[in-house]
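Residues per chain, in single letters:
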Amino acid sequence: MRKLNKIEKVLSLLELSKKFRNRRYLTGMDWIVHGLDQMTKQATGAGNMSQIVLELAGHLDENRLKNSLEQLIHKYPVVSGHAARAFNLAPYWKIPSKKKIVRIPFNFYIINAGAKKSEITRLLEQSVNTPFNSEKEHLAFYLIKTEKKSFLSMTFDHRLLDGRGAEAFLGLLQDEWNSNFNLVADISIAEPSHLSHWLQKFKAGQNVNRLLLRIAENAPPLVLPLAPALKYPDFKFSLISFSKDESDEIIKKANKKAGYLMLMPFLLAVSVLSMHRIFSARGITGADYVVSIGIDMRSPEMVEKQIFFNNLSFFMLKISAYKSDDLTFILNSIKSQIYDQVRSGMLKDFIEAAMLLRITPLALLSRLISLPLKGSISSFGFSYLGETAFKSNKFMGQEVINLTHMPRVPVPPGIGIFFQKFRGKFNAVLSYKQELLSDDEANLILLTLKSVL
Amino acid sequence: MRLPEEVISSPFIEDVKILMKTIKKIEEILINEIAVILSRDPAEILPETPLNELGVDSLSFVELLVFIEKKFQIQLMESGLTKDDFHTLQTIASTINNMMCS
């Protein structure tokens, strides 16, 4: 075989480095999110998707928005990527060249004057329940115009963005639009392959396993029964938006009942109490509720730099169902478990241990995830995202009245309660697979949340 | 007003000076740790700023408590402390000092 001369060697190295520039290794948490996506697709026909809705005090120009989206995705082709496996078996996100970028679907609706709020909610539910057209499509936009307002929803694939990342992505769109798409943003996409420090990963896996064994003592936990897999996406959402005064009151109440800065445990305790009322009314009794709590591992300052992929970890908490009508008991149980899991470094251990799961094919991973809790993952999901990462008061010239999330909770459990804050005002959303709750039960959960908070 | 020389050099004032030095040292340790937890520059963090204004939330607060318990070998969770004891890094430093002395 002819020996390569120096120029050819340099050229082949350049070609190789170009090839590696177009890939981003997936972390263990990214791979878990891929597993949840697979499970949710099997159960509902659509993946682990979520939606952010901007309520705007005016009409947004749809053509301008379309053009802006077009320009944005050409700057960030990562949004049209897809998962693949490298020669070293680590999964990675293949970032396409600019020529192969997939167009973002954009839908536009006008609602008659006098339309009810429920009509807007149905349209938003329809948008978040619509599956993506291909494995390379991870975003879709819907614009709903009413008489005086607009509702812009961005449906996103959790494999590409997590909740706060999605808020920051909309912020990026606004900043790019402001700078006429000349912004030089310091966004990091690179990620090492994490194919070293195996002992550390195995030790983390051991710790996570011990925790899961403790939690699974009385497995399976209490869950609302899912119907046999219906191959249509069918999530419903109920939203409560609190005023600034009401939100300040909630913080005061949390300080008083749960302790200083113990807002998240307080919101979670009230959510457990609300869900417990439904389980009790249905006669679903047993030992424990297990709640999986998504925790964003970035500081607020880092969100703008780490927009893409998943920067998450989890708390797994077990709460005795026999005492779940007592808020003080729930609070103490939550606080002491969070404290123990932070002290033992569990959040970091979940991240490290998940790296070991990357070798697992997705079809097997989705089974492995639900193995410790005998077919379940949790009784319900919960998260509190804190103040939004979308910092601008305006979006493309229109004032932003509110920003809310509508996440499709991975199935199982297919139900969750999620809180976030927009300019100091809380929003709570109950998200559930249609057959899990009746409308009356969903209303009862919201009423309990409102009355206790 | 300047204190008389015999007061300045009294053992009591010496004790106060040592105490202030200890509290400052604890404050410094806490500032460095909260800077790590919040991914911020320690120079931006003032000990008299309330924790909620620094951007400390439930999780970062628990991380700070865990750090304090490990570093200073004291039990905070079951100690019946109130919001006033944890309001700022300054008050936490005094609380730690009191608990260590007692």
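Heads up: these notes are all about the structure in this document. (Residues numbered from 1 in each chain as written. Chains lettered and ligands numbered in written order. Predicted model: local features only at pLDDT ≥ 70, side-chain atom pairs only at ≥ 80, totals over all residues. Heavy atoms only, no water.)

### Comments concerning the interface of chain B and chain A
At step 1: Between chain B and chain A, the contact holds 20 residues from the first and 17 residues from the second.
At step 2: Contact between chain B and chain A buries roughly 1600 Å² in total, counting both sides, with carbon and sulfur atoms accounting for 73%.
At step 3: Between chain B and chain A we count zero salt bridges in total.
At step 4: Summed over the shared surface of chain B and chain A, the result is six residue pairs in polar contact (both at pLDDT 80 or more).
At step 5: Mapped by element, the contributors of at least two residues to the side of chain B that touches chain A are helix H3 (51-54) and helix H4 (58-72) of chain B.
At step 6: The leading source of residues in the side of chain B that touches chain A is H4(B), at nine residues.
At step 7: Class assignment of the residues belonging to the side of chain B that touches chain A gives a composition of ten nonpolar, four polar and six charged. (Contact = heavy atoms within 4.5 Å. Buried area = accessible area lost by both parts, 1.4 Å probe. Salt bridge = Lys/Arg side-chain N within 4 Å of Asp/Glu carboxyl O. Polar contact = N/O pair within 3.5 Å; in protein donor to acceptor, adjacent residues only side chain to side chain. Helix = DSSP H or I, 4+ residues; strand = E, 2+ residues; numbered from the N terminus. Nonpolar A, V, L, I, M, F, W, Y, C, P; charged D, E, K, R; others polar.)

### Digging into the sheet that holds strand E13 (residues 398-405) of chain A
Note: strands within a sheet are paired through backbone hydrogen bonds, in either parallel or antiparallel orientation.
Residue and element names in this part refer to chain A.
At step 1: Read from one edge of the open sheet, six strands run E5-E6-E7-E2-E13-E12, paired in mixed fashion. The strands lining the two open edges of the sheet, one partner per strand, are strand E5 (106-110) and strand E12 (394-395).
At step 2: Bridge count for E12 against E13 is two bridges, and the pairing is antiparallel. Each bridged residue has a counterpart across the sheet, and for Phe395 the counterpart in E13 is Gln398. (Pairing = 2+ DSSP bridges.)

### A closer look at the layout of surface pockets
All names here are of chain A.
At step 1: Of the voids in this model, the second largest pocket is the one considered here, and its volume is about 800 Å³.
At step 2: Lining of the second largest pocket is provided by 33 residues; of these, Lys117, Ser118, Ile120, Thr121 and Leu239 occupy positions nearest its centre.
At step 3: Counting only elements with at least two residues in the lining of the second largest pocket, the list comes to strand E2 (49-56), helix H4 (117-128), strand E8 (235-241), E13, strand E15 (425-433) and helix H13 (439-452).
At step 4: Across the lining of the second largest pocket, the residue classes tally to 13 nonpolar, ten polar and ten charged. (1 Å grid on protein atoms, 1.4 Å probe; cavity = no way out; pocket = protein on both sides within 12 Å on 5 of 7 lines; lining within 4 Å. Points joined across faces, edges and corners; volume = space filled by probe spheres on them.)

### Focus: the sheet that holds strand E4 (residues 91-94) of chain A
All names here are of chain A.
At step 1: Pairing is antiparallel across the open sheet formed by three strands, whose spatial order is E1-E4-E3. Each edge of the sheet is formed by a strand with only one pairing partner; in this case those strands are strand E1 (23-25) and strand E3 (82-85). When strand polarity is set aside, the average angle formed by the axes of neighbouring strands in this sheet is 35 degrees.
At step 2: Bridge analysis of E1 against E4 gives three bridges, and the strand direction is antiparallel. Residue Arg24 lies in a different strand from E4, and its bridge partner there is Trp93. (Axes fitted to C-alpha atoms, helices over the stretch in contact; angles between N-to-C directions.)

### Comments concerning the pattern of salt bridges
All names here are of chain A.
At step 1: Per the counting criterion, the structure on display carries 26 salt bridges over all chains.
At step 2: The partner of Glu191 in a salt bridge is Arg24, and the shortest N-O contact between them spans 3.5 Å. In this pair, Glu191 sits in the loop between helix H5 (163-178) and helix H6 (198-215) while Arg24 sits in strand E1, placing the two residues 167 residues apart along the sequence.
At step 3: What makes Glu191 partly exposed here is its relative accessible area of 23%.
At step 4: Here Arg24 falls in the buried class, since its relative accessible area comes to 6%.
At step 5: Notably, a salt bridge pairs Asp37 with Lys41, separated by 2.9 Å at the nearest N-O pair. Here Asp37 pairs with Lys41, and both are found in helix H2 (residues 28-44), just four residues apart, close to one helical turn.
At step 6: What makes Asp37 buried here is its relative accessible area of 3%.
At step 7: In this structure, a network of salt bridges that share partners links the residues Asp37, Lys41, Glu135, Asp157 and Arg159. (Buried < 20%, exposed > 50% of the residue type's maximum accessible area, 1.4 Å probe, protein only.)

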